[in-house]
Amino acid sequence: MAYPAILLCHSCQVETGETTGSKDAWQVPSATKTFTTVSCRFFATKGSLKQLEPGELVVRGQGVILPAGTTVSEGKQIIGLSPGYTETYRVIGTPRQAMVQNEISHIVCDLEVVT
């Protein structure tokens with residue numbers, strides 16, 4: 001049972017690989033990242049407490065739900081295209097596959113903001 005498409009209310013570009021571009025003055029080829037646009041759902045992860053001198057601070061992370069079959073791995077970039085999420089993120093940790101009725105429903109990734 002796939003994750004309902006209507007709940008994937010945002011869109012993003014997922015890094016799928018790199019292509020080799022032209023060479024620079026030292027004959028070193030430049031790499032260009034390739035991206036695929038998919039529907040997704042951004043969300044705030046549960047907060048954790050960080051101890052600071054004046055007191056505790058709640059630190060919340062960012063996450064994204066991607067459709068089953070999306071190729072993503074740790075360290076890849078995800079660029080948010082929806083209002084409120086127009087940042088460049090990096091996948092931290094291993095993406096988790098959610099199973100429903102012995103079928104992969106969706107993929108959950110933890111993110112950190114790059115820019």
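Before reading further, recall that the structure is shown in the block above.
Structure report, in brief.

Conventions adopted
- Residues numbered from 1 in each chain as written.
- Predicted model: local features only at pLDDT ≥ 70, side-chain atom pairs only at ≥ 80, totals over all residues.
- Heavy atoms only, no water.
- Helix = DSSP H or I, 4+ residues; strand = E, 2+ residues; numbered from the N terminus.
- Buried < 20%, exposed > 50% of the residue type's maximum accessible area, 1.4 Å probe, protein only.
- Contact = heavy atoms within 4.5 Å.
- Areas by Shrake-Rupley, 256 points an atom, 1.4 Å probe, with all protein chains shown as cover.
- Lys, Arg positive; Asp, Glu negative; His and termini not counted.
- Charge placed at Lys NZ, Arg CZ, Asp CG, Glu CD.
- Salt bridge = Lys/Arg side-chain N within 4 Å of Asp/Glu carboxyl O.
- Pairing = 2+ DSSP bridges.
- Axes fitted to C-alpha atoms, helices over the stretch in contact; angles between N-to-C directions.

A few words on the overall build of the protein chain. Across its full length, the protein chain holds zero helices and eight strands. Secondary structure elements of the protein chain occur, N-terminal to C-terminal, as β-β-β-β-β-β-β-β. Along the longest, intermediate and shortest principal axes, the C-alpha atoms of the protein chain span 50 × 45 × 25 Å. For the protein chain, the residues scored as buried account for 29% of the 115 residues in total. For the protein chain, the share of sequence-separated contacts (at least 6 apart) that also reach a separation of at least 24 residues comes to 49%. Taken as a whole, the protein chain presents about 7,500 Å² of accessible surface, with 53% of it coming from carbon and sulfur. Taken as two groups, the 9 positive and 10 negative side-chain charges of the protein chain have centres that lie 3 Å from each other.

Evaluation of the coordinates by the stated rule reveals three salt bridges. Put simply, Lys76 and Glu15 hold a salt bridge, and the shortest N to O gap is 3.9 Å. Residue Lys76 is located in the loop between β5 (62–67) and β6 (77–80), and its partner Glu15 is located in strand β1 (residues 10–23); the two are separated by 61 residues in the primary sequence. Linking Arg90 and Glu112 is a salt bridge whose minimum nitrogen-to-oxygen distance equals 2.9 Å. Note that Arg90 is positioned in strand β7 (residues 88–100) and Glu112 in strand β8 (residues 103–113), a separation of 22 residues in sequence. Assessed through its relative accessible area of 32%, Arg90 is described here as partly exposed.

Our focus in this paragraph is the sheet that holds β5. Spatially, β1-β2-β5-β8-β7-β6 is the arrangement adopted by the six strands of the closed barrel, whose pairing is antiparallel. When the angles between neighbouring strand axes are averaged without regard to direction, this sheet yields 45°. Here β7 runs beside β8; their pairing, made up of nine bridges, is antiparallel. The partner of Arg96 across the bridge, within β8, is Val108.

Moving on, we get to the environment of Val72. Topologically, Val72 is positioned in the loop between β5 and β6. Sequence-wise, Val72 and Ile107 are 35 residues apart; in three dimensions their C-alpha atoms are separated by 8.8 Å. Excluding residues that lie within four positions of it along the chain, Val72 makes contacts with Val14, Leu66, Ile78, Val91, Pro95, Ile107 and Cys109.

Tracing the backbone through its elements, the reader meets Gly61 in the loop between β4 (55–59) and β5. Judged by relative accessible area, Gly61 falls into the partly exposed class, the value being 29%. For the pair Gly61 and Ser22, spaced 39 residues apart in the sequence, the C-alpha separation amounts to 37 Å. Setting aside residues up to four positions removed in sequence, Gly61 forms contacts with Phe43, Ala44 and Thr45.

Let us look at the pairing of strand β2 (residues 29–44). As paired elements, β1 and β2 share 11 bridges and run antiparallel to each other. Within β2, the residue paired with Gly17 across the bridge is Thr34. Between β1 and β2, which follow one another and run antiparallel, lie five residues, and Gln27 among them has a positive phi close to 65°. Note: β2 against β5, four bridges, orientation antiparallel.

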